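Structure assessment
Okay, here's what each chain looks like letter by letter:
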Amino acid sequence: MQQKRTLVLGASDKPDRYSYMVIESLLKAGHPVVAIGNRNSSVHGVKIYTELIPISDIHTITLYLSPPNQRPYYDYIVSLKPKRIIFNPGTYNPELIALAEKNGIDCEIACNLVLLSTGQF
């Protein structure tokens, strides 16, 4: 299995949130995880940063932010040069999809948890 370093954007330390669950699932599947959210915290040893930290070798960005909350991250997302962005339910954003595709970033409209549980990640 190829490890895919993943940025969870919109990460939460609340166990009932999907971003928390995806961090658990990514770790269980052996994928390195970086997390950015609105509170300094951690999930299973993964620090949740509140600032836009420099990150290299990001394969996937998985979004857990509504479209209006994504806008401040556009330049940051593009600057990371990920191979793909996963737009989880509630995050579909045609504006960001167009920007990403213009910059050679693949976009997938899917549920990251389903992709992981079915071996499609």
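Details of the structure are given in the entry above.
Residues numbered from 1 in each chain as written. Predicted model: local features only at pLDDT ≥ 70, side-chain atom pairs only at ≥ 80, totals over all residues. Heavy atoms only, no water.

Considerations on the sheet that holds strand β2 (residues 33–37)
Pairing in this open sheet of 7 strands is mixed, and the strands run β3-β4-β2-β1-β5-β6-β7 from one edge to the other. Of all strands in the sheet, those with a lone pairing partner are β3 (41–43) and β7 (106–109), marking the two edges. Pairs of neighbouring strands in the sheet enclose a mean axial angle of 25 degrees, with direction left out of account. Lying on the sheet, helix α4 (residues 94–102) is in contact with β5 (60–63), β6 (84–87) and β7; it crosses β7 at an angle near 150 degrees. (Pairing = 2+ DSSP bridges. Helix = DSSP H or I, 4+ residues; strand = E, 2+ residues; numbered from the N terminus. Axes fitted to C-alpha atoms, helices over the stretch in contact; angles between N-to-C directions. Contact = heavy atoms within 4.5 Å.)

Observations concerning the layout of surface pockets
Put simply, the largest pocket is a space of about 470 Å³. Lining the largest pocket are 23 residues; nearest its centre among them are G10, S12, R17, S19 and Y64. At the level of secondary structure, the elements contributing two or more residues to the lining of the largest pocket comprise β1 (6–11), α1 (18–28) and β2. Across the lining of the largest pocket, the residue classes tally to 9 nonpolar, 10 polar and 4 charged. (1 Å grid on protein atoms, 1.4 Å probe; cavity = no way out; pocket = protein on both sides within 12 Å on 5 of 7 lines; lining within 4 Å. Points joined across faces, edges and corners; volume = space filled by probe spheres on them. Nonpolar A, V, L, I, M, F, W, Y, C, P; charged D, E, K, R; others polar.)

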